[in-house]
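Coordinate inspection notes
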Amino acid sequence: MFKVNTIITLIISTVLFACSPSEEELMKESRKYMQSENYKEAINYLNKVISKNNANSDAFNMRGVAHLQLLDYSKSKEDFTTAIKTDSLNYKPYYNRGNVHLETKNYEKALLDYNRAIDLHPNNADLYINRATALFELKQYDAALEDNRFAIKLSPNNHIPYLNSAKTLLQFGSFNKADSLLDLSLKINPENGESYYWSGFIKINTDQKEAGCDDLVKAKNRGFQDANEALEKFCK
C-alpha cells in the first residue's frame, strides 16, 4: 500500500511540475498585460517570475514600469534599483529610475541616472529628451537646448524636442526662433495642444492677440488644460 501511494504521489507531483508555466512563459504573459495596460495583472505575473528567478533584471525593470504607471513611486524606484544591481550594464532601469526622479521632482538624481543611461546607450533620443527636461528644471538652459538639438538629429520626426526647445528659448526671450520650432512641432503632430498653447503665448506677447487667442482655443480643444486659464486672462 505504501508503494502505491508513493507512486501516485510522484505521478501527481510530476504532472503538477509539468503544468507549471516556465519563466519565459510568465514573462510573455507579463508583456501581454503591460501592452494592454493591465498593470496590476502584469505585476501578479512578474511576481511569479521573480519568485522563480530573483536575478531576472528584465522582470524587476518591467515590474518597476508597472508600478510607475500606477504612480507607486516608492515601489517602482525599488524595483529599478534592484534591476540595476542585477545588471548594471542595462541602460533601461537607469532611464526608468530617472523618470521616477523626474516625476517626483528630484532633478539632480534624475540627471545622474540619465547620464549613466546615455553612457550605456548614447543613441537613444528619449534619453536626451528626458535629460533635457531635468536640465530645464535645473535652469541649465544651454545644456537643455543642446540635448534637444541632439534628440532632433536622432529622431527628427518626434515633435517633443522641437516643443521643448521652443519652451527653453522662451526663457531667453527668443520668440521668433521659438515660434519657428513650434511650427515644426505642429507639422509633425498637429494635434498637440501644448504646442498651440505656446504658439498662442508668443502671438499674444507680440501684439497678435486675435491669432494668439485662436491658438489658445485650439490648445483647449486638444485637451491642454492650461489654455483655459490663459483664455480667461487674455481673450475675454
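In the block above lies the structure referred to throughout.
The paragraphs below set out a description of the structure included in this document. Computed from a predicted model, the values in this text were never measured in an experiment. (Residues numbered from 1 in each chain as written. Predicted model: local features only at pLDDT ≥ 70, side-chain atom pairs only at ≥ 80, totals over all residues. Heavy atoms only, no water.)

1. Focus: the overall build of the protein
The cut-off we apply is this: Every helix listed is a DSSP run of H or I at least four residues long, and every strand listed is a run of E at least two residues long, numbered separately from the N terminus. In this description the radius of gyration comes from C-alpha coordinates, and the expected globular size is given by 2.2 Å times residues to the power 0.38. Remark: exposure states derive from per-residue accessible area (1.4 Å probe, protein chains only) relative to the maximum for the residue type, with buried under 20%, exposed over 50%, and partly exposed in between. Any two residues having at least one pair of non-hydrogen atoms within 4.5 Å are treated as being in contact. A residue counts as positive if it is Lys or Arg and as negative if it is Asp or Glu; His and the chain ends are not included. Where a charge lies is defined by one atom per residue type: Lys uses NZ, Arg uses CZ, Asp uses CG and Glu uses CD.
Along the protein, the regular secondary structure elements total 14 helices and zero strands. When the elements of the protein are put in sequence order from the N terminus, they spell out α-α-α-α-α-α-α-α-α-α-α-α-α-α. Computed over its C-alpha atoms, the radius of gyration of the protein comes to 24 Å, more than 25% above the 18 Å expected for a compact globule of 236 residues. C-alpha extents for the protein along the principal axes are approximately 95 × 35 × 30 Å. In the protein, buried positions account for 43% of the 236 residues. Pairs at least 24 apart in sequence give 46% of the contacts found in the protein among residues at least 6 apart. Charge centroids of the protein, computed over 30 positive and 31 negative side chains, lie 3 Å from each other.

2. Topic: helix H11 (residues 175-188)
Keep this limit in mind: Take the number of residues in a helix, subtract one, and multiply by 1.5 Å to get its expected span. Of all possible arcs, the one meant is that of the directions from the helix axis to the C-beta atoms.
Between its first and last C-alpha atoms H11 spans 20 Å; for 14 residues at 1.5 Å apiece the expected length is 20 Å, and the two agree. Among the residues of H11, those classed as buried are Ala178, Asp179, Leu181, Leu182, Ser185 and Leu186. End-on view of H11: buried residues confined to an arc of 165°, all on one side of the axis. Along H11, the residues that are exposed and aim more than 90 degrees away from the buried face are Asn176, Lys177 and Lys187. In this structure, the buried side of H11 is in contact with helix H10 (159-170) and helix H12 (193-204).

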